[in-house]
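# A look at the structure
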Amino acid sequence: MKYKKVLAAAMAVSVVLSAGVFTGCGSAKSQQQQSLKVTTFRPFKSDTPIMREYTGSITALQEVPVRAKVSGTVVEKYITGGQHVEAGQALYRIDTRSYASALAAAQASAAQASATYENAKKDLARYEQLVSSGAISKQAYDGQKSSTEAYRAVYEAAQAQVQIASNNLGDTIVTAPFSGTLSMDDVNIGTFATAGTTGLVTLSSSDPLYVQFDMSESEYLQLTRQKNITETLGSELKLRLSDGSIYSETGKIVQVSPGLNGGQLTMKASFANPNNLLIPGMYATIVSDAELAQGSILVPTKALIQLLNKDMLDVVVDGKVQQKAVKVGATYGLYTIIESGIDVTDE
């Protein structure tokens, strides 16, 4: 790109500038005794990608304690802490004896109710013939019909009890609700689990993962005045890991806090994690370079001077060096964007 060629050419000059700045920074007494020849650097304009970086921590999309749906003693354990599991994979088995007995009893009751209902239906069919021939009264027929409906209701209730007992027996196998990684808080065999209360192990989702980071209030206001904050940061965020390497997958903003906390706006970016390289608790840096500053003024970052919490530059005016306060913007490589305070005509 054109601006990269300009930056490369300017980089060589910036070394000469630094030598000139250091040479010109002698004591006031020396400067009064003799004039020093220094090499100056002229700021230049370029369309520059604005690099924005935010330090954050990696968190799981979901993190839940896995609990049994039925109470009982843990009699089998199929996993170990720290293991990766798939959705639906068996984790534990609760003692099944009482639930198997309850299912058998429910099935017996349902069978008895079914037999009673079938007999009632046969009797009702005979009553229909008898009432049509006048052998029995309409009242007797209505009574048999009501009894048949009652037996049907009893049978359906018994079938529901069979379904409940069957579900309870199936729930003695505790499975993973989603794919992810288990924590190391897994309970041992022999633990009594209370339905819906006892956490057997904590499961965290592993793909994708969130990177949670904060942005200052002033930067938030600056970005939102331009356009939507997620558009400004871009949909292909990079992630720099703690060893300095760039993660292979790009991410995007998926959550923005509705309010500030301590002057900071919290956001979450989602990154795919197909190889499980990222794990919750890691620290990483979000890097955004989607924004392009048109015709920005750049100077070498090393030329900036910090003085009383202000950013200053040594500028040559009528053959003499003066310091000017400048407002700095984002950095790009060895250079810093100057938003105000100098012009490209300055040296």
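### Re the nonpolar core
- By size, the foremost hydrophobic cluster in this structure holds 22 residues, and its most contacted members are L233, L239, F271, L278 and I286.
- Secondary structure elements with two or more residues in this core: β2 (52–60), β11 (209–216), α6 (229–233), β12 (238–241), β14 (264–271) and β15 (283–288).
- For F271, the residues in contact, after removing those within four places along its chain, are P208, L209, V211, L237, K238, L239, Y247, E249, T250, G251, L278 and I286.
- Core analysis: the second largest hydrophobic core is formed by 17 residues, V74, F178, L182 and L203 among them.

### What about the sheet that holds strand β7 (residues 173–175)?
- Ordered by their spatial adjacency, 4 strands build an open sheet running β7-β6-β4-β9, and the pairing between neighbours is antiparallel. Each end of this open sheet is capped by a strand with a single partner; those strands are β7 and β9 (192–193).
- As paired elements, strand β4 (residues 72–77) and β9 share 2 bridges and run antiparallel to each other. Bridge pairing in β9 places T73 opposite F192.

### Structural notes on the packing of aromatic side chains
- Applying the stated criterion across every chain, the model contains 3 aromatic pairs.
- Judged by centre distance (6.1 Å) and plane angle (20 degrees), the ring pair of Y117 and Y155 falls under stacked. Taken as a pair, Y117 in helix α3 (residues 97–133) and Y155 in helix α4 (residues 138–170) lie far apart in primary sequence, 38 residues in all.

### Structural notes on the packing of α3 against α4
- One way to put it is that α3 packs onto α4 with a least axis distance of 8 Å and a crossing angle of 160 degrees. Classed by the angle they form, the pair α3 and α4 counts as roughly antiparallel. Classified by chirality, the crossing of α4 by α3 is left-handed.
- Taken together, the residues of the contact of α3 with α4 sort by class into 21 nonpolar, 10 polar and 6 charged.

The rules behind each value
Residues numbered from 1 in each chain as written. Predicted model: local features only at pLDDT ≥ 70, side-chain atom pairs only at ≥ 80, totals over all residues. Heavy atoms only, no water. Core = buried A, V, L, I, M, F, W, Y, C linked by side-chain atoms within 4.5 Å. Buried < 20%, exposed > 50% of the residue type's maximum accessible area, 1.4 Å probe, protein only. Helix = DSSP H or I, 4+ residues; strand = E, 2+ residues; numbered from the N terminus. Contact = heavy atoms within 4.5 Å. Pairing = 2+ DSSP bridges. Phe/Tyr/Trp six-rings, centres within 6.5 Å; stacked < 30°, edge-to-face > 60°. Axes fitted to C-alpha atoms, helices over the stretch in contact; angles between N-to-C directions. Parallel < 35°, antiparallel > 145°, perpendicular 65-115°, else oblique. Left-handed = near helix turned anticlockwise from the far one by under 90°. Nonpolar A, V, L, I, M, F, W, Y, C, P; charged D, E, K, R; others polar.

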